[in-house]
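Summary of the model geometry
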Amino acid sequence: MIQTIVSTEMPADEHFLIRKNVLTSGSGKKRFCIVTGTHGDELEGQLICYETSRRIQKDLQYLDGTVEIYPALNPLGIDTIQRGIPNFDLDMNRIFPGDPDGTMAEQSAHTIIEDLQGADMVLDIHSSNLYLRETPQVRINVLNEKDLVPVAKYLGIDFIWIHDAATVLEATLAHSLNSTGTPCLVVELGVGQRINHKMCLKLVDGIFNLMREMGLWHGPANHEPFEEPKICKGDVVSFLNADTSGVFLTEMHTGTEVKRGDLLGTIVDPLEGKILSEVRTPEDGYLFTIRAYPIVYAGSLMARIFNKQPEK
């Protein structure tokens with residue numbers, strides 16, 4: 001059942017709408033929410049919402065509870081492929097929990113929080129931006145580590161990044177929900193403005209696996225056993241930045257084990273046909289972020305590596 005949670009008049013006789021699809025079956029009371037489209041240039045959540053909804057409706061008899069799917073929290077951004085809310089110069093994931101008496105964007109954020117509160121689990125799906133490619137990962141505030149890491153493992157995600165509390169922005173959807181008692185997992189995957197089908201469909205399998213663990217789903221879930229994820233916590237991530245401006249050339253893929261000194265790519269000068277600098281790994285580790293957009297400036301983020309800890 002399609003429900004409208006936000007409906008606001010716009011200047012030119014149009015309406016700003018945020019809608020969700022509510023799928024209910026059986027007598028179960030559990031409620032699972034999937035939200036995405038907070039950033040208009042992150043599109044992989046669209047396939048995940050479609051495929052999750054399709055599978056549930058195909059085998060609705062296996063559902064015992066409620067699944068709510070919110071594919072576009074920032075529909076204007078998706079329509080225009082802009083990260084923020086057009087004309088407001090706002091990143092929607094920086095205005096939660098919103099304000100019922102504020103601007104249109106703040107009112108919308110407030111209504112979204114009110115609508116999601118009380119769910120047994122919220123999955124907040126993001127892609128990377130246009131510049132970086134990410135391995136599929138769950139990001140968790142260290143304050144919620146104890147409760148959320150065991151749950152995140154059921155998603156079959158390759159990598160779990162536990163952030164220090166000081167680095168978590170309080171105005172995000174996930175922080176607003178977790179701080180008020182509604183558990184929320186943040187998933188980051190892929191690259192901006194693109195859809196990686198294999199990556200998305202693996203996460204859909206993980207969603208059904210998690211729903212089965214919650215008692216929401218009694219049908220088939222993933223077809224292959226999930227591997228134990230790598231868990232990154234503390235000051236063990238290397239951020240590699242460009243030494244110079246130029247064009248970055250690489251054939252590296254995320255989700256790769258690397259050794260100290262490995263060549264990740266080169267920054268070149270097309271005019272003179274010269275290599276300006278090399279990007280090499282500082283330590284043994286796991287490459288989970290790599291530059292996707294080739295034009296770089298000095299200081300541009302090139303890669304993130306989870307440094308492997310020595311055996312004790």
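Residues numbered from 1 in each chain as written. Predicted model: local features only at pLDDT ≥ 70, side-chain atom pairs only at ≥ 80, totals over all residues. Heavy atoms only, no water.

For the structure on display, the rule yields 7 aromatic pairs. Geometrically, the ring pair formed by Phe208 and Trp217 is edge-to-face, given 4.9 Å between the ring centres and 70 degrees between the ring planes. Every member of this aromatic cluster is reached through a ring pair, and the members are Phe159, Trp161, Tyr286, Phe288 and Phe306. (Phe/Tyr/Trp six-rings, centres within 6.5 Å; stacked < 30°, edge-to-face > 60°.)

As a further point, take the pairing of strand 7 (residues 159–163). Taking burial as the measure, the 5 residues of strand 7 include 5 buried ones, the bulk of the element. Where burial is concerned, the two faces of strand 7 agree: the one with Phe159, Trp161 and His163 and the one with Ile160 and Ile162 are both buried. Considered for its hand, the β-α-β crossover made up of strand 6 (residues 132–141), helix 4 (residues 145–152) and strand 7 is right-handed. (Buried < 20%, exposed > 50% of the residue type's maximum accessible area, 1.4 Å probe, protein only. Helix = DSSP H or I, 4+ residues; strand = E, 2+ residues; numbered from the N terminus. Right-handed = clockwise from strand over helix to strand, strands pointing away.)

This brings us to the pattern of salt bridges. All chains considered together, the criterion is met by 18 salt bridges. Arg31 is the salt-bridge partner of Glu68, the closest N and O atoms lying 3.0 Å from each other. Of this pair, Glu68 sits in strand 4 (residues 65–70) while Arg31 sits in strand 3 (residues 31–35), and the two are 37 residues apart along the sequence. Bridged by salt links that share partners, the residues Lys20, Arg31, Glu68 and Asp115 form one connected network. (Salt bridge = Lys/Arg side-chain N within 4 Å of Asp/Glu carboxyl O.)

Now for a nonpolar patch on the surface. On the surface, a cluster of nonpolar side chains totalling about 410 Å² of accessible area is made up of Tyr131, Tyr293, Ile295 and Tyr297. Relative to the helices and strands, Ile295 resides in strand 16 (residues 295–296). Residue classification places Ile295 among the partly exposed positions, given a relative accessible area of 36%. (Patch = residues over 30% accessible without salt bridge, like charges linked within 9 Å, V, L, I, M, F, W, Y side chains within 5 Å. Areas by Shrake-Rupley, 256 points an atom, 1.4 Å probe, with all protein chains shown as cover.)

One way to see where empty space is left: roll a probe the size of a water molecule over the atoms. One pass over the structure, following the stated rule, counts 1 cavity of 30 Å³ or more. Quantified by volume, the largest cavity comes out at close to 50 Å³. Taken together, Pro136, Leu155, Gly156, Ile157, Asp158, Met199, Lys202 and Leu203 make up the full set of residues lining the largest cavity. By residue number, the principal contributor to the lining of the largest cavity is helix 6 (residues 197–214), which donates 3 residues. Taken together, the residues that form the lining of the largest cavity break down as 5 nonpolar, 1 polar and 2 charged. (1 Å grid on protein atoms, 1.4 Å probe; cavity = no way out; pocket = protein on both sides within 12 Å on 5 of 7 lines; lining within 4 Å. Points joined across faces, edges and corners; volume = space filled by probe spheres on them. Nonpolar A, V, L, I, M, F, W, Y, C, P; charged D, E, K, R; others polar.)

Below, the discussion takes up the environment of Leu90. Counting through the fold element by element, Leu90 comes out in the loop between helix 2 (75–80) and helix 3 (104–116). Judged by relative accessible area, which is 26%, Leu90 ranks as partly exposed. Remark: the alpha-carbon pair of Leu90 and Ala105, spanning 15 residues in sequence, is separated by 8.3 Å. Beyond its immediate sequence surroundings of up to four residues, Leu90 is in contact with Gly84, Ile85, Ile95 and Ala105. (Contact = heavy atoms within 4.5 Å.)

Spacing of three or four residues puts side chains on the same side of an α-helix, whose turn is 3.6 residues. A rise of 1.5 Å per residue sets the reference length of helix 3, with its 13 residues, at 18 Å; its end C-alpha atoms lie 18 Å apart and thus fit the reference within 8%. Of the positions making up helix 3, those classed as buried are Met104, Ala105, Ser108, Ala109, Ile112, Ile113 and Leu116. Lining the buried residues of helix 3 we find strand 1 (2–10), strand 2 (14–25), strand 3, strand 4, strand 5 (121–127) and helix 5 (173–178). Phi for Gly118, located one or two positions after helix 3, is positive at around 95 degrees. (Expected span 1.5 Å × (residues − 1).)

With that settled, consider the sheet that holds strand 16. Strand order in the open sheet made by the 4 strands is 14-13-11-16, with antiparallel pairing throughout. Two strands lie at the open edges of the sheet, namely strand 14 (274–280) and strand 16, each paired on one side alone. As paired strands, strand 13 (residues 263–269) and strand 14 are joined by 6 bridges and run antiparallel to one another. Bridge pairing in strand 14 places Gly265 opposite Val279. (Pairing = 2+ DSSP bridges.)

Bear in mind that shape data such as this cannot, by itself, settle questions of function.
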